[in-house]
Amino acid sequence: MAETETTISVYEQIGGEAAILITVETFYQRVLGDPLLQPIFEGFDMAMLKRQQVDFFSQALGGPNIYRGPDMKTAYAEMAIEQRHFDCMAHHLVATLQFLGVAPEHIDTVVQTVGPLVAEIVNTDIAVQTEITSTTPSTKKKRKEQRMGQNGSHKNGGTATMEAPSDMMDLEGKIAAIDRAQAVIEFNLDGTIITANDNFLQTLGYTLPEIQGQHHRMFAEPGYASSPDYANFWVKLNRGEFEAGVYKRIGKGGKEVWIQASYNPIFDDQGQPYKVVKFAMDITAQQNQSADYESKIGAISKAQAVIEFNLDGTIITANDNFLQTLGYTLPEIQGKHHRMFAEPTYAASPEYAAFWEKLNRGEFDAGRYKRIGKGGKEIWIQASYNPIMDASGKPSKVVKFATDITESKNRSAELESKMNALNAAQAVIEFELNGSIISANENFLVTLGYSLPEIQGKHHRMFAESAYAASPEYADFWGKLKKGESDAGVYKRIGKGGKEVWIQASYNPVFNADGVAYKVVKYATDITEFKKLNEEYEARNAAVGNGNAVIDFSPEGIILDANENFLKTLGYTLDEIKGKHHRCSRNQPMRRVPSMRLFGQNSTGVSLILANISG
């Protein structure tokens, strides 16, 4: 089965029956141009031989045609074939296939098919060859009549043995078919254009009168047309050597055209080349698409780390970005398995085996992966593993494109640690920009007395006093957050069951990649106990102030404040004493107050309370 598939691939590779016709024509041009072989074929119906050879090559290379001519021994019985003749024809066959660009391994397949026929074809020795070379035209004609029927057919018959006119018509029909399918142009050996078919003219955008008599270089880029390579190209064709490949040509108006073409020297009856026929196909669209793909792949390779694997996971190659990321040279990894980049426990796990099984099925895999570089360096990558399909749609290898995100991953890990610490210490809640609750941490829920399902999806106003929630100030508060402005302070909030909660909090808009706020995160600390204690202190101070004369000094003795009782007792206004030293008043020493006593030290300095101010 494998042998059949290889043969078929040869037939398809060289272009099917159209290429077989060119192969046979080129082969016999070489054979008939060889002084050693030319006498053997004198008097034979070459059209019939070529037809039979087309069928033989088609069958040998896996094509649809079936050779039904006489067996090799019968076919060559009337010809004096020596080993050297067979070897020479085999040489021309190999040379012909090489000219057509057939891969060496496929040429070997053809040789293996033809080689065993030597025992049937070689049928004489050097003495007979001498007789053949000295045969007169009349004896050649006699031998021809013995070999051929009256109508020119082979006397041994065979379904593939046809009359010469019929064979010629068939061959001409097939050449016409090639002419319809391909762009064809003919040149003299000096490169001047003889003629071209419509396909060629349409491909290059010219009319025949515009190119006839002109040189082939009109289709070449100026730099190439004046190069030694171009000169050698025509020297090779003048030697009768075949040329084939992909060529860039210039059409009318400077249009770039890419063609898949073969330049085929045509030989005269003396075996000398006298013109060149070129068969071409326009592959501009495919070439442009390939160039586009190559440009994209090149751009990807410049920006990303790229590595290729066989389906068994062994490394084929890797680009510089990959090697620098992992810290290796190519020889250090080539031919080794992908598991060298994986942690040992993962590389030995069922998950890792399933990963490669998935790729072997042609399935894509992408994500963030932890990999181990040279020296055990830990690397994080954002990567995709992409199975590459062959012509039959089966995976043939895997290409991985990766970006090194190690630094980003480390920053994220650090940030995550900080957020976890913050989350453990503070009450955190997240809101949509419209105020609806997204989520809240345990600290927040304990502080307000709710469970998450009780608040999720509800509005922040559930925590605010009704009057405030309905006020313009509250609307402005959310309007400010929507604009991306933060808000911080001390807030009174209402917990479950109407419980009053005081918090020291900040409301922080969170921005997307475009710099637009899309949610709000609030960090808060419960200060309810401190607030209550502070209110108690304020109440006590107010009570003291109502019954006594009170004045506040800085530690340096500068008057900061005084209550109404003090001012009335001393006869001053606040403006008259504020900022002055306690020893002075109205440029005179302050009157001594017998009942003055020190109450205590406050946050700014010293407070004095004058007791018994009424008497």
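The preceding data block contains the structure.
Residues numbered from 1 in each chain as written. Predicted model: local features only at pLDDT ≥ 70, side-chain atom pairs only at ≥ 80, totals over all residues. Heavy atoms only, no water.

Colleague: Explain the overall build of the protein here, please?
Modeller: In terms of regular secondary structure, the protein is built from 27 helices and 21 strands. Within the protein, buried positions represent 43% of all 615 residues. Counting contacts in the protein only where the partners sit at least 6 residues apart, residues at least 24 apart contribute 48% of the total. Carbon and sulfur atoms provide 53% of the accessible area of the protein, an area that totals close to 33,200 Å². (Helix = DSSP H or I, 4+ residues; strand = E, 2+ residues; numbered from the N terminus. Buried < 20%, exposed > 50% of the residue type's maximum accessible area, 1.4 Å probe, protein only. Contact = heavy atoms within 4.5 Å. Areas by Shrake-Rupley, 256 points an atom, 1.4 Å probe, with all protein chains shown as cover.)

Colleague: What is the right way to read the sheet that holds strand 8 (residues 365–372) from this model?
Modeller: Pairing between the strands of a sheet is mediated by backbone hydrogen bonds and can be parallel or antiparallel. Spatial ordering of the open sheet is given by 7-6-10-9-8, a layout of five strands whose pairing is antiparallel. Of all strands in the sheet, those bounded by a partner on one side alone are strand 7 (315–318) and strand 8. Along the sheet, successive strands turn relative to each other by an average axial angle of 30°, direction set aside. In this structure, strand 9 (residues 378–389) lies alongside strand 10 (residues 395–404), joined through nine bridges in antiparallel fashion. Residue Ser384 lies in a different strand from strand 10, and its bridge partner there is Phe401. Against the sheet, helix 19 (residues 350–360) contacts strand 6 (305–309), strand 8, strand 9 and strand 10, and its axis sits at roughly 120° relative to strand 10. (Pairing = 2+ DSSP bridges. Axes fitted to C-alpha atoms, helices over the stretch in contact; angles between N-to-C directions.)

Colleague: I'm lost on the pattern of salt bridges in this one. Help?
Modeller: It is possible for side chains bearing opposite charge to pair when their charged atoms get close. Tallied over the full model, the rule gives 19 salt bridges. Among the ionic pairs, Glu332 bridges to Lys374, the shortest N-O distance being 2.7 Å. Of this pair, Glu332 sits in helix 17 (residues 330–333) while Lys374 sits in the loop between strand 8 and strand 9, and the two are 42 residues apart along the sequence. Of the residues examined, Glu332 reaches a relative accessible area of 25% and is grouped as partly exposed. One salt bridge connects Asp487 with Lys480, and the closest N-O pair in it is separated by 3.1 Å. Take Asp487: its relative accessible area is 16%, and that puts it in the buried class. Beyond isolated ion pairs, a larger network of salt bridges with shared partners links Glu221, Lys248 and Glu256. (Salt bridge = Lys/Arg side-chain N within 4 Å of Asp/Glu carboxyl O.)

Colleague: Help me understand the pairing of strand 4 (residues 256–267), please; the structure alone is not making it clear to me.
Modeller: The side chains of a regular strand alternate, residue by residue, between the two faces of the sheet. Burial runs high along strand 4: nine of the twelve residues are buried. With eight bridges joining them, strand 3 (residues 243–250) and strand 4 adopt antiparallel strand pairing. Looking at the pairing, Ala244 lines up with Ser262 of strand 4. Between strand 3 and strand 4, which pair antiparallel and follow one another directly, the connecting turn spans five residues, one of which, Gly253, has a positive phi of 75°. The sheet contact formed by strand 4 and strand 5 (residues 273–282) spans nine bridges and is antiparallel. Its bridge partner being in strand 5, Asn264 is matched across the sheet by Val277. Linking strand 4 back to strand 5 in an antiparallel pair, the connection comprises five residues, with Gly271 at a positive phi of about 80°.

Colleague: Please explain the packing of helix 2 (residues 16–32) against helix 3 (residues 46–60) as it appears in this structure.
Modeller: Each pair of packed helices gets described by two things: the angle between the helix axes and the distance between those axes. Between helix 2 and helix 3, the least distance of the axes is 9 Å, while the angle of their chain directions is 130°. Compared by their axis directions, helix 2 and helix 3 come out oblique. Between helix 2 and helix 3 lies a crossing of right-handed hand. Where helix 2 abuts helix 3, its residues Glu17, Ile20, Leu21, Thr23, Val24, Glu25, Tyr28 and Leu32 lie against Met46, Leu49, Lys50, Arg51, Gln53, Val54 and Phe57. Each residue belonging to the contact of helix 2 with helix 3 can be placed in one class, and the counts come to nine nonpolar, two polar and four charged. (Parallel < 35°, antiparallel > 145°, perpendicular 65-115°, else oblique. Left-handed = near helix turned anticlockwise from the far one by under 90°. Nonpolar A, V, L, I, M, F, W, Y, C, P; charged D, E, K, R; others polar.)

Colleague: I would appreciate a short explanation of the sheet that holds strand 4 in the present structure.
Modeller: Strand order in the open sheet formed by five strands is 2-1-5-4-3, and the pairing between neighbours is antiparallel. Two strands bound the open sheet, and with one partner strand each, they are strand 2 (193–196) and strand 3. Along the sheet, successive strands turn relative to each other by an average axial angle of 30°, direction set aside.

Colleague: Teacher, can you tell me more about the environment of Met46 here?
Modeller: Secondary-structure assignment places Met46 in helix 3. Taking the C-alpha atoms as reference points, Met46 and Tyr28, 18 residues apart in sequence, are found 8.8 Å from one another.

Colleague: Whenever I open this one, empty space enclosed by the protein confuses me. Can you help?
Modeller: If you roll a probe as big as a water molecule over the atoms, it shows you where there is empty space left. Considering all chains together, one arrives at two cavities of 30 Å³ or more under this definition. Reported here for the largest cavity is a volume of approximately 410 Å³. Among the elements of the structure, helix 2, helix 3, helix 4 (72–75) and helix 5 (83–99) are those that each provide at least two residues to the lining of the largest cavity. In terms of residue count, the dominant contributor to the lining of the largest cavity is helix 3 (five residues). (1 Å grid on protein atoms, 1.4 Å probe; cavity = no way out; pocket = protein on both sides within 12 Å on 5 of 7 lines; lining within 4 Å. Points joined across faces, edges and corners; volume = space filled by probe spheres on them.)

Colleague: How should the nonpolar core be read in this particular structure?
Modeller: Across soluble globular proteins, you tend to see nonpolar side chains buried next to one another. Among the nonpolar cores identified, the biggest contains 38 residues, and Tyr28 and Phe41 are the most heavily contacted of them. Put simply, the parts of the chain that give this core at least two residues each are helix 2, helix 3, helix 4, helix 5, helix 6 (104–114) and strand 5. At seven residues, helix 2 tops the list of elements feeding residues into this core. Beyond its immediate chain neighbours, meaning those up to four positions away, Tyr28 contacts Gly33, Phe41, Met46, Leu49, Lys50 and Gln53. Grouped together as the second largest cluster of nonpolar side chains are 26 residues, Ile429, Leu433, Tyr450 and Tyr507 included. (Core = buried A, V, L, I, M, F, W, Y, C linked by side-chain atoms within 4.5 Å.)

Colleague: Any chance you could explain the packing of aromatic side chains here in plain terms?
Modeller: Each aromatic ring pair is described using two quantities: the centre-to-centre distance and the angle formed by the ring planes. On inspection of all chains with the given rule, the structure shows 28 aromatic pairs. On the numbers, 5.4 Å between centres and 70° between planes, the contact of Phe200 with Phe219 is edge-to-face. Of the two residues, Phe200 is situated in helix 11 (residues 198–204) and Phe219 in the loop between helix 12 (208–211) and helix 13 (222–225); the sequence distance between them amounts to 19 residues. Residue class for Phe200 comes out buried when judged on its relative accessible area of 3%. By relative accessible area, which is 1% here, Phe219 ends up buried. Taking 6.2 Å as the distance between ring centres and 20° as the angle between the ring planes, the aromatic pair formed by Tyr474 and Phe477 counts as stacked. Of this pair, Tyr474 and Phe477 both sit in helix 24 (residues 472–482), three residues apart, which is roughly one turn of that helix. The same class applies to Tyr474 and to Phe477, which are both buried. What links up through ring pairs into an aromatic cluster is the set Phe187, Tyr224, Tyr230, Phe233, Trp234, Tyr247 and Tyr263. (Phe/Tyr/Trp six-rings, centres within 6.5 Å; stacked < 30°, edge-to-face > 60°.)

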